[in-house]
Amino acid sequence: MSLYSEYLKEIEVRKNELGLNPKPIDGADLLSEIIEQIKDVNNEHRKDSLNFFIYNTLPGTTPAAGVKAAFLKEIILGQASVEEISQEFAFELLDHMKGGPSIAVLLDLALGEDADIAKAAADVLKTQVFLYEADTDRLAAAYKEGNAIAKELLESYSKAEFFTKLDDIPEKVKVITYIAAEGDISTDLLSPGNQSHSRADRELHGLCMISPEAQQEIKQMGEDNPDAKVMLIAEKGTMGVGSSRMSGVNNVALWAGEKTSPYIPFINNRPVVAGTNGIAPIFLTTVGVTGGIGLDLKNWVKKTDENGEIVRDANGDPVLEEAYSVKTGTVLTIDTKAKKLLDSEGNVLVDVADAFTPQKVEFMKAGGSYAVTFGKKLQTFAAETLGVEAPVVYAASKEISHEGQGLTAVEKIFNRNAVGVTSKTPLHTGSDVRVKVNIVGSQDTTGPMTCQELEAMAASTISPSVDGAFQSGCHTASVWDNKAKANTPKLMAFMNAFGVITARDPKGVYHSMTDVIHKVLNDITVDDRAIIIGGDSHTRMSKGVAFGADSGTVAIALATGEAAMPIPESVKVTFKGSMKPHMDFRDIVHATQAQMLKKFNGENVFQGRVIEVQIGTLLADQAFTFTDWTAEMKAKASICISTDETLIESLELAKSRIQIMINKGMENEAGMLQGLIDLADKRIAEVKSGEAPALAPDDNAKYYAEVEVDLDAIDEPMIADPDVNNEDVSKRYTHDVIRPASYYDGRQVDLGFVGSCMVHKGDMQIIAAMLRNLEKNGPITFNAPLVVAPPTYNIVDELKAEGDWDILAKYAGFVFDDDKPKEAARTKYENILYLERPGCNLCMGNQEKAEAGDTVLATSTRLFQGRVVEDSAEKKGESLLGSTPMVVLATILGRFPTLEEYKAAVEGINLTSFAPPSEDLARPAIPLTAI
């Protein structure tokens with residue numbers, strides 16, 4: 001059977017079973033067959049084949065794009081004739097392919113002998129920005145040989161005409177409102193984690209946004225208001241919390257955006273989203289990738305009494321009152337010039353200047369941030385090649401420097417990694433700069449989209465400036481089903497060829513590894529001054545500063561080794577007092593949140609900022625418990641400030657784990673892993689010699705806020721609760737309400753989960769120690785299921801070597817087997833201990849889930865409704881966060897324990913050895929005159 005026949009069968013299945021259009025073509029062999037049918041004027045499939053070729057072939061560096069570009073070149077040169085595709089139309093199609101093989105073809109034509117063709121090709125090339133070294137090297141060589149077209153192209157590029165000749169953004173943008181949900185909107189509403197397998201199939205994935213009813217309402221509103229854009233709103237909340245989720249923005253754009261190109265299927269851009277409390281920072285970055293608009297509406301404000309005091313409800317939360325209505329169907333206008341939101345009569349409702357900074361406007365004009373990033377690079381290349389000074393076209397990097405003010409830790413990291421900065425003095429918060437990215441991580445449910453983004457921007461190999469990069473398999477580790485089998489090997493092969501260290505070896509040399517991505521990134525980060533970009537919001541390292549990012553930003557970081565972002569504000573966190581022996585560090589983490597909210601009268605000062613925490617004496621593995629949690633409080637990132645000794649010990653541990661990866665056969669041709677060990681050795685030497693001590697803020701640095709956590713005040717385990725039963729729907733899943741465990745005394749627990757990224761080896765050792773403690777009183781019986789998923793295989797190996805794995809296996813009713821991985825997710829659980837494969841497991845909700853309506857107590861879950869547990873008809877599913885010892889004991893009892901039961905179960909166990917640094921780790925500022 002021909003590939004085309006198989007494609008037709010697939011089309012019928014998609015149409016009849018899913019109501020979808022034909023899947024976009026990315027394969028070279030299928031498109032080659034389609035081209036042969038186009039050439040045969042009598043072929044019965046010729047008309048459809050033409051449509052597939054013109055309108056349904058993916059651009060960029062896909063294999064199909066290479067075949068399409070080559071055929072268009074034949075048409076332009078007269079070597080092939082297609083009545084429906086003129087030479088002019090062929091150039092238009094090449095124009096919309098945007099990079100990769102299309103650029104190579106255009107350069108062939110522009111630098112060729114036919115003057116008319118060369119001119120036409122040059123006119124198209126002047127609009128392109130996705131050129132790489134192979135392309136620019138050809139241009140530079142041709143220019144040096146005296147080629148007039150090459151000179152003309154370079155002159156155009158040096159003036160950035162590919163940007164300046166674009167239309168400015170409209171002065172007025174008419175919108176019609178659609179309340180997507182009340183309260184914070186997580187990206188799971190826009191792109192559910194349990195549908196992650198379909199993200200690369202954009203039309204199919206679009207069907208999972210919000211609900212089918214909402215999709216039709218949005219579509220109908222757009223059709224009824226053709227002169228307006230539908231603006232999706234988080235009423236009384238923040239839009240896009242939880243993760244960046246490029247697929248979420250893609251879905252919004254698919255239903256409410258603009259078509260990017262008539263010749264590129266199911267890729268839309270320029271959506272408009274808004275929230276009462278604005279857009280979550282990492283989600284806003286994703287909006288910028290599509291050239292969209294993200295508004296902070298401020299349409300609900302805190303109510304005050306006659307004395308100006310905030311009015312609070314029975315729970316102590318501020319009472320909100322409506323400043324103006326944005327109910328569904330409200331017609332508004334965004335004045336992009338005045339930077340105001342107007343009502344239907346032209347009255348100003350709110351200032352939206354933050355949405356229209358010079359940088360964001362450039363993204364909107366260019367159709368997305370990628371075009372700006374590559375455009376700047378291309379302009380610089382052209383000017384340098386011509387030996388001229390590039391005119392100022394793009395908005396200058398925002399460079400803010402305050403004389404006499406010290407630097408926070410994040411300011412020091414940004415200054416160290418800044419690219420293209422003109423300031424002669426160090427930069428402070430608010431500066432907007434390009435920075436070098438040291439470590440990049442891609443995970444397996446967003447990875448297929450990252451591959452698409454790399455193909456779309458015509459990237460074929462990793463930037464040599466990236467120190468380390470890893471592609472994980474953790475998000476689909478628990479069930480090796482047909483979806484994983486279809487997506488994962490293809491993903492790993494692409495990333496491996498791109499130059500990334502991959503969890504699964506396409507050649508089968510080393511054993512597949514499903515280690516949690518954040519743990520691997522934490523191990524391969526070997527410099528406390530590094531910048532890390534990862535395709536997951538829990539990308540929060542305990543060395544350096546890490547930012548969760550959308551699949552596109554990950555692609556940009558892999559392709560260019562850079563990212564662009566403002567230097568964020570910081571909040572300083574320190575500790576006083578001492579931990580009680582029955583407290584787990586997870587309880588300290590939760591208490592940090594509770595004490596912060598109490599100090600600032602309910603204001604979450606962590607939101608959108610970097611938390612600089614002086615953990616000091618806690619090793620990177622244990623410190624990760626704190627940094628990982630900061631995602632739940634909507635912090636932009638977190639930085640651990642350590643002592644020199646602790647940093648060295650953490651780097652030595654990282655070296656040993658990187659060496660294990662090398663020993664397994666995971667090293668690539670570029671020697672990336674050995675390079676990381678060499679960098680770690682260099683950093684250790686710097687610290688030991690005193691040349692460059694461990695990262696620390698200056699003692700005169702300026703923080704947005706400071707929080708001192710009183711360890712003496714923490715006397716019982718703390719539970720984080722998304723408050724799913726709150727009568728005010730806007731306060732459910734907004735942020736966890738922290739309560740003492742005694743609040744839940746006796747409440748039934750239906751399932752426990754210890755695992756994913758928020759636990760480390762010590763947690764596994766705690767389970768083993770508790771089992772030894774409890775079996776002294778007789779046989780141990782689980783009254784609720786306990787699922788345990790170690791973060792990494794290294795940890796499993798170490799537990800086996802040290803004997804702790806034996807007792808875990810002794811009480812387990814299920815132990816993972818990599819030779820026979822599960823092929824189907826569980827729908828029911830027995831009251832046993834499940835020792836699961838390393839990976840995310842229940843935390844993702846895309847494979848394993850609790851039974852609907854369960855009360856789940858876990859170490860690692862998310863503020864996403866329905867992620868870990870769905871609601872049942874009888875009750876809401878609850879996903880409560882607790883420490884490892886609390887989860888273990890609760891599943892053995894089948895309920896929350898009393899404080900006395902808990903203390904007895906952990907007696908004699910060293911839960912966490914943490915003592916605050918004896919003094920503030922900030923150092924006297926060293927005067928700096930240049931970055």
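Use the structure listed above.
Scoring rules and cut-offs
Residues numbered from 1 in each chain as written. Predicted model: local features only at pLDDT ≥ 70, side-chain atom pairs only at ≥ 80, totals over all residues. Heavy atoms only, no water. Pairing = 2+ DSSP bridges. Helix = DSSP H or I, 4+ residues; strand = E, 2+ residues; numbered from the N terminus. Axes fitted to C-alpha atoms, helices over the stretch in contact; angles between N-to-C directions. Phe/Tyr/Trp six-rings, centres within 6.5 Å; stacked < 30°, edge-to-face > 60°. Buried < 20%, exposed > 50% of the residue type's maximum accessible area, 1.4 Å probe, protein only. Lys NZ or Arg CZ within 6 Å of the ring centre and 35° of its normal. Core = buried A, V, L, I, M, F, W, Y, C linked by side-chain atoms within 4.5 Å. Contact = heavy atoms within 4.5 Å. Arc of directions from axis to C-beta. Polar contact = N/O pair within 3.5 Å; in protein donor to acceptor, adjacent residues only side chain to side chain. Salt bridge = Lys/Arg side-chain N within 4 Å of Asp/Glu carboxyl O. Parallel < 35°, antiparallel > 145°, perpendicular 65-115°, else oblique. Left-handed = near helix turned anticlockwise from the far one by under 90°. Nonpolar A, V, L, I, M, F, W, Y, C, P; charged D, E, K, R; others polar. Right-handed = clockwise from strand over helix to strand, strands pointing away. Disulfide = S-S within 2.5 Å.

Details of the sheet that holds strand 18 (residues 501-502)
Moving on, step 1. Strand order across the open sheet formed by five strands is 18-17-16-19-20, with parallel pairing between neighbours. The two strands at the open ends of the sheet, each matched to only one other strand, are strand 18 and strand 20 (545-548).
Moving on, step 2. Summarising the sheet, strand 16 (residues 439-442) and strand 19 (residues 531-534) pair through three bridges and their orientation is parallel. What sits directly across from Ile439, in strand 19, is Ile532.

A closer look at unusual backbone geometry
Moving on, step 1. Here Asn601, not a glycine, exhibits a phi torsion of approximately 55°, which is positive.
Moving on, step 2. Considering the arrangement of structural elements, one finds Asn601 in the loop between helix 23 (585-599) and strand 23 (610-616).
Moving on, step 3. Its identity as a non-glycine residue notwithstanding, Asp723 has a phi of 60°, on the positive side.
Moving on, step 4. Here Asp723 lies in the loop between strand 26 (718-721) and strand 27 (737-740).

Section: the sheet that holds strand 11 (residues 331-335)
Moving on, step 1. An order of 8-7-3-1-11-12-13 is seen for the seven strands of this open sheet, with the pairing classed as mixed. Either end of the sheet is taken by a strand with one partner, and the two such strands are strand 8 (293-296) and strand 13 (348-351). Shown here is a sheet whose adjacent strand axes are inclined to one another by a mean of 30°, direction ignored.
Moving on, step 2. Two strands pair when backbone bridges link them, and strand 11 and strand 12 (residues 340-342) are joined in this way by three bridges, in the antiparallel orientation. Of the residues in strand 12, the one forming a bridge with Asp335 is Lys340.

Observations regarding the packing of aromatic side chains
Moving on, step 1. On inspection of all chains with the given rule, the structure shows 22 aromatic pairs.
Moving on, step 2. Centre to centre, the rings of Tyr7 and Phe52 are 5.2 Å apart; their planes meet at 70°, and the pair counts as edge-to-face. One end of the pair, Tyr7, is in helix 1 (residues 3-18); the other, Phe52, is in helix 3 (residues 46-55), and 45 residues separate them in sequence. Accessibility classification places Tyr7 together with Phe52 in one group, the buried group.
Moving on, step 3. Through pairs of rings, three or more aromatic residues link up here, namely Phe575, Phe585, Phe606, Phe626, Trp629 and Phe914.
Moving on, step 4. The ring centre of Phe53 lies 5.4 Å from the NZ or CZ of Lys68, which sits over that ring.
Moving on, step 5. Between Arg826 and the ring centre of Phe814, over which it is positioned, the NZ or CZ distance is 4.6 Å.

Section: the nonpolar core
Moving on, step 1. Ile85, Phe470 and Phe606 are the most contacted members of the largest nonpolar core, which totals 227 residues.
Moving on, step 2. Among all residues touching Phe606, those that are not within four sequence positions of it are Val571, Val573, Thr592, Met596, Ile611, Trp629, Met633, Lys634, Ala635, Lys636 and Val707.
Moving on, step 3. Core analysis: the second largest hydrophobic core is formed by 24 residues, Ile176, Leu190, Ala234 and Val273 among them.

Quick word on helix 7 (residues 115-125)
Moving on, step 1. Where helix 7 is concerned, the buried positions are Ile117, Ala118, Ala121, Ala122, Val124 and Leu125. When helix 7 is viewed along its axis, its buried side chains cluster within an angular range of 160° and face the same direction. Facing away from the buried surface of helix 7 by more than 90 degrees, the exposed residues are Ala115, Asp116 and Lys119.
Moving on, step 2. Contact partners of the buried residues in helix 7: helix 4 (63-76), helix 5 (87-97), helix 6 (101-110) and helix 9 (148-158).

Let's talk about the side chain of Thr792
Moving on, step 1. Tracing the chain through its elements places Thr792 in the loop between strand 29 (786-789) and helix 28 (793-802).
Moving on, step 2. Taking relative accessible area as the criterion, Thr792 reaches 5% and is therefore assigned buried.
Moving on, step 3. Within the structure, the side chain of Thr792 is placed 3.2 Å from the backbone nitrogen of Ile795, a separation counted as a polar contact.
Moving on, step 4. Dropping the residues within four chain positions of it, Thr792 is found in contact with Asp515, Lys519 and Pro838.

Some points on the pattern of salt bridges
Moving on, step 1. Counted according to the given criterion, the structure contains 52 salt bridges.
Moving on, step 2. Of the charged contacts, one joins Asp467 and Lys436 as a salt bridge, the two residues approaching to 3.7 Å between their closest N and O atoms. Placement of Asp467 in the loop between helix 19 (447-456) and strand 17 (468-471) and of Lys436 in strand 15 (residues 432-436) is noted, with a sequence separation of 31 residues between them.
Moving on, step 3. Put simply, Lys485 and Glu823 hold a salt bridge, and the shortest N to O gap is 3.5 Å. With Lys485 in helix 20 (residues 482-498) and Glu823 in the loop between strand 30 (812-815) and strand 31 (833-835), this residue pair connects regions lying 338 residues apart in the sequence.
Moving on, step 4. What makes Lys485 partly exposed here is its relative accessible area of 33%.

A look at the packing of helix 25 (residues 644-664) against helix 26 (residues 672-689)
Moving on, step 1. Direction vectors running N to C along helix 25 and helix 26 enclose 165°, while the axes themselves pass 10 Å from each other. In terms of orientation, helix 25 and helix 26 fall into the roughly antiparallel class. Viewed along their axes, helix 25 and helix 26 form a crossing whose handedness is left-handed. Side by side, helix 25 and helix 26 meet where Asp644, Leu647, Ile648, Leu651, Glu652, Lys655, Ile658, Gln659, Met661 and Ile662 of the first sit next to Leu673, Gln674, Leu676, Ile677, Ala680, Asp681, Arg683, Ile684, Val687 and Lys688 of the second.
Moving on, step 2. In terms of residue class, the contact of helix 25 with helix 26 is built from twelve nonpolar, two polar and six charged.

Section: the pairing of strand 23
Moving on, step 1. A large share of strand 23 lies buried, amounting to seven of its seven residues.
Moving on, step 2. Burial along strand 23 is two-sided: the face carrying Val610, Glu612, Gln614 and Gly616 and the face carrying Ile611, Val613 and Ile615 are both buried.
Moving on, step 3. One ladder, built from four bridges, connects strand 22 (residues 570-576) with strand 23; its direction is parallel. Following the sheet pairing, Lys572 is matched in strand 23 by Glu612.
Moving on, step 4. Taken together, strand 22, helix 23 and strand 23 constitute a β-α-β crossover, and its handedness is right-handed.
Moving on, step 5. Across five bridges, strand 23 lies against strand 24 (residues 637-642) in parallel orientation. Along strand 24, the bridge assignment pairs Val610 with Ala637.
Moving on, step 6. Read from strand 23 through helix 24 (residues 620-629) to strand 24, the crossover connection turns out right-handed.

Structural notes on helix 18 (residues 409-417)
Note that an α-helix has 3.6 residues per turn; residues three or four places apart therefore point the same way.
Moving on, step 1. With respect to burial, helix 18 is a largely interior element, seven of its nine residues being buried.
Moving on, step 2. Three or more residues of helix 18 are buried, namely Ala409, Val410, Glu411, Ile413, Phe414, Asn415 and Asn417.

Examining the packing of helix 7 against helix 9
Moving on, step 1. Remark: helix 7 packs on helix 9, axes separated minimally by 10 Å, with the N-to-C direction vectors making an angle of 20°. The angle between helix 7 and helix 9 places the two elements in the roughly parallel class. Handedness of the crossing formed by helix 7 with helix 9: right-handed. On the side of helix 7, the interface is formed by Ala118, Lys119, Ala122 and Leu125, while helix 9 contributes Ile149, Leu153 and Tyr157.

Thoughts on the environment of Lys903
Moving on, step 1. Looking at the element boundaries, Lys903 is found in helix 31 (residues 899-906).
Moving on, step 2. Among the residues examined, Lys903 registers a relative accessible area of 35% and is labelled partly exposed.
Moving on, step 3. Residues Lys903 and Pro581 lie 322 residues apart in sequence; the distance between their C-alpha atoms is 9.3 Å.

Some details on the environment of Ile807
Moving on, step 1. Here Ile807 shows up in helix 29 (residues 804-810).
Moving on, step 2. Separated by 30 residues in sequence, Ile807 and Arg837 have C-alpha atoms that sit 17 Å apart.
Moving on, step 3. If near-sequence neighbours (up to four positions away) are discounted, Ile807 is found in contact with Ala768, Leu771, Arg772 and Glu775.

Quick word on the state of the cysteines
Moving on, step 1. For the coordinates displayed, the defined rule picks out zero disulfides.
Moving on, step 2. Not part of a disulfide, Cys840 finds its nearest cysteine sulfur in Cys474, a span of 3.7 Å.
Moving on, step 3. Judged by relative accessible area, which is 4%, Cys840 ranks as buried.
Moving on, step 4. Residue Cys843 stays outside any disulfide, its sulfur separated by 5.6 Å from that of Cys757, the closest cysteine.

A closer look at the environment of Asn522
Moving on, step 1. Checked against the element boundaries, Asn522 lands in helix 21 (residues 517-524).
Moving on, step 2. For the pair Asn522 and Thr539, spaced 17 residues apart in sequence, the C-alpha to C-alpha distance is 8.8 Å.
Moving on, step 3. Contacts of Asn522, omitting those with residues within four sequence positions, involve Met541, Ser542, Lys543, Ala620 and Phe624.

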